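# Coordinate analysis (summary)
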Amino acid sequence: MGGPSTFCSINATLNGTANPIFPICSSLCHIVIDALVQLRCGSGNVVSISTTNRLGVFGILVLPIQISLSSLLSDCNLIVSTPLLRCNATLPRLGVLRSPLQFVGNTTVGLLHVVNVAPTGFVYVLSP
């Protein structure tokens, strides 16, 4: 799971090609480098953690024995918990960027079947 860049942006959306679109972006959008991205499910349980690279890209691996696809899509969110002020001084001091997940396709490599999931779009929330 993962792949799209993580931006410090409020109200980002995803077009059908798994590429993030940030309609309010201008000079306010900055790629988030070394940001902590958490996969949280249920009542906020952290299932997996990743860090964005120099391009703002992250990846999270979730095994099917950990959580089912239907639960992943309905009960989980990605949370960027790095302080927003660090990447964009115009964003609020408190809060996080949160995104639900959506199924974007399957990949088969040999006998390995991979289900690809991506964020639907990060939005600002006061608490995760």
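Starting from 1, residues in each chain are numbered consecutively following that chain's sequence as written. Per-residue local features of the predicted model are confined to residues with pLDDT of at least 70, and side-chain atom pairs are confined, for both listing and counting, to 80 or more; whole-chain, interface and lining totals are unaffected and use all residues. Derived side-chain values reflect all non-hydrogen atoms in the structure, with water molecules and hydrogen atoms excluded from consideration.

### Looking at the overall build of the chain
- In terms of helices and strands, the chain carries two helices and 10 strands.
- Under the scheme applied here, a residue whose accessible area is under 20% of the maximum for its type counts as buried, over 50% as exposed, and between as partly exposed, the area being computed with a 1.4 Å probe on protein chains only. For the chain, the residues scored as buried account for 36% of the 128 residues in total.
- Partitioning the contacts of the chain with sequence separation of at least 6, the portion at a separation of at least 24 is 51%.
- On the chain, roughly 7,000 Å² of surface is accessible, and the fraction owed to carbon and sulfur atoms is 59%. Strands are runs of DSSP state E lasting at least 2 residues, helices are runs of H or I lasting at least 4, and numbering of each runs from the N terminus. By definition in these notes, contact holds between two residues if any of their heavy atoms fall within 4.5 Å. In these tables, accessible area is a Shrake-Rupley quantity obtained with a 1.4 Å probe, and a residue counts as shielded only by the protein chains included in the view.

### Regarding the side chain of Ser 99
- For Ser 99, the location among the structural elements is in strand 8 (residues 96–109).
- Note on Ser 99: relative accessible area 0%, which makes it buried.
- Polar contact is defined as a pair of N or O atoms within 3.5 Å, subject to the rule that within protein one atom must be able to donate a hydrogen and the other to accept it, and that residues adjacent in sequence are counted only when both atoms are side-chain atoms. Within the structure, the side chain of Ser 99 is placed 3.0 Å from the backbone nitrogen of Gly 121, a separation counted as a polar contact.
- Beyond its immediate stretch of four places on either side in the chain, Ser 99 contacts Asn 77, Leu 78, Pro 119, Thr 120, Gly 121 and Phe 122.

### What to know about the nonpolar core
- Ranked by internal contacts, the top residues of the largest apolar core, which has 17 residues, are Leu 39, Ile 60, Leu 72, Cys 76, Leu 78 and Leu 101.
- Those elements giving two or more residues to this core turn out to be strand 4 (36–41), strand 7 (76–80) and strand 8.
- The residues touching Cys 76, leaving out its near neighbours within four places in the chain, are Leu 39, Arg 40, Cys 41, Ile 67, Ser 71, Pro 100 and Leu 101. We call a set of buried residues a nonpolar core when its members are Ala, Val, Leu, Ile, Met, Phe, Trp, Tyr or Cys and they connect through side-chain atoms within 4.5 Å of each other.

### Remarks on the environment of Val 47
- Here Val 47 is to be found in strand 5 (residues 45–51).
- With relative accessibility at 29%, the residue Val 47 sits in the partly exposed group.
- When the C-alpha atoms of Val 47 and Leu 61 are compared, they prove to be 10.0 Å apart, with 14 residues separating the residues in sequence.

### A word on the confidence of the model for the chain
- One confidence number per residue, pLDDT, is output by the predictor and ranges from 0 to 100. Summarising the model, the chain shows a mean pLDDT of 74, and 70% of its residues fall at 70 or more.
- Between the elements of the chain, mean pLDDT differs from a low of 36, seen in strand 3 (residues 20–21), to a high of 94, seen in helix 1 (residues 69–75).
- Within the model, pLDDT remains below 50 along residues 1–28, and this stretch shows 81 contacts once partners closer than five positions in the same chain are excluded.

### Quick word on the pairing of strand 7
- Counting buried positions along strand 7 yields four of five residues, so the element is predominantly enclosed.
- When DSSP locates at least two bridges between a pair of strands, those strands are taken to pair. Sheet analysis places strand 4 next to strand 7, joined by five bridges and oriented antiparallel. Across the sheet, the residue bridging to Val 37 is Val 80, located in strand 7.
- Here strand 7 pairs with strand 8 via four bridges, running antiparallel. The residue of strand 8 that forms the bridge with Leu 78 is Ser 99.

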